[in-house]
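# Descriptive analysis of the structure
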Amino acid sequence: EVKRLCISFTVFIDMKPFFFLFFLFPLFAGVAQSPSYDKSGFFEIELQSLRAYFHIPGLAVLVQKDDKIIYENYMGFADLETNRSVDAQTVFPIMSLSKTFASTLCLQMADEGILDLGTSIQTWLPESKLPSSVTLQHLLSHTSEGVPGTTFNYSSRYSLISSVLEKVSGKPYEEILQERIITPLGLSHTLPLVNQQIIDSLGSSLASPYYFYGKTEKGHFDTGLSAASGLSSTPRDLATFLQGLDE
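First, a word on what this report is: a plain description of the structure on this page. The structure presented is a predicted model; accordingly, all values stated were derived computationally and were not measured.

## Some remarks on the pattern of salt bridges
Under the defined criterion, the tally for this structure stands at five salt bridges. The partner of Glu-72 in a salt bridge is Arg-236, with the nearest N and O atoms 2.6 Å apart. With Glu-72 in strand E4 (residues 68-79) and Arg-236 in helix H8 (residues 235-245), this residue pair connects regions lying 164 residues apart in the sequence. Among the residues examined, Arg-236 registers a relative accessible area of 39% and is labelled partly exposed. Taking the shortest distance from any N to any O, the salt bridge between Glu-179 and Lys-171 comes out at 2.7 Å. On the basis of relative accessibility, which here comes to 31%, the residue Lys-171 falls in the partly exposed class. Sharing partners across several salt bridges, the network here consists of Asp-79, Arg-84 and Lys-218.

Now the structure itself:
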């Protein structure tokens, strides 16, 4: 049986904060299973090296195997000015990981017969001026450019999916997320950063962004919500989301 690992961690690299979620097959299959081999210790050393190399102020790490958390750690600072440490309640913008929520909504509605992934985007969004051959499935798989369905090209067209979901459901995208994913799974630390008021309301629970141009400088938050980005969350909430996909 193949076991799946979920590793999620948030880092600040170069221009803006990045949040990574990886689905990995066993990483240590080629390592002799010696009682003296401390895999978590080796992993932590690698993370600390990554943090030092990229000048990362704060790092949140969670590794989940099946439905069990096997490693969790919080390093550094969520805010350098106040020396506020990163902890399990620290909320990070998850950037393009927001796409996984949109794709989940599409598959839910496809299972319910509300939409068909093979339908042309022109059916819902004629104003998009996309070729009639471009379908929802092509947007989801980033294969909508060139000859649709033939070549992967990471595309900003993914953001159109939220408009499709709004047309199909008759509800704002934020409301669809709340009703179908965030509330049912109890993701209490997951919310869209739609405006500055939301950012201000999070206060000290939200990690501060930084740039690095030879020295660490204060960054800024991007606001707005679409299928492509705009959500914020924590590793524990993302682990819950992952587990919910399997149920």
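Moving on from the coordinates now.
## Regarding the nonpolar core
Among the nonpolar cores identified, the biggest contains 31 residues, and Phe-101, Ile-121, Leu-136, Ile-161, Leu-165 and Leu-177 are the most heavily contacted of them. Other than its neighbours up to four places away in sequence, Leu-177 contacts Phe-101, Leu-105, Ile-182, Leu-225 and Leu-231.

## Focus: the packing of aromatic side chains
If you walk through the whole model with that rule in mind, you get four aromatic pairs. Where Phe-43 meets Tyr-71, the ring centres are 5.3 Å apart and the plane angle is 70°; that geometry is what we call edge-to-face. With Phe-43 in helix H1 (residues 39-53) and Tyr-71 in strand E4, this residue pair connects regions lying 28 residues apart in the sequence. For Tyr-71, a relative accessible area of 11% translates into the label buried. The ring of Tyr-158 has Lys-99 lying over it, and the distance from NZ or CZ to the ring centre is 5.6 Å.

How each quantity is defined
- Residues numbered from 1 in each chain as written.
- Predicted model: local features only at pLDDT ≥ 70, side-chain atom pairs only at ≥ 80, totals over all residues.
- Heavy atoms only, no water.
- Salt bridge = Lys/Arg side-chain N within 4 Å of Asp/Glu carboxyl O.
- Helix = DSSP H or I, 4+ residues; strand = E, 2+ residues; numbered from the N terminus.
- Buried < 20%, exposed > 50% of the residue type's maximum accessible area, 1.4 Å probe, protein only.
- Core = buried A, V, L, I, M, F, W, Y, C linked by side-chain atoms within 4.5 Å.
- Contact = heavy atoms within 4.5 Å.
- Phe/Tyr/Trp six-rings, centres within 6.5 Å; stacked < 30°, edge-to-face > 60°.
- Lys NZ or Arg CZ within 6 Å of the ring centre and 35° of its normal.

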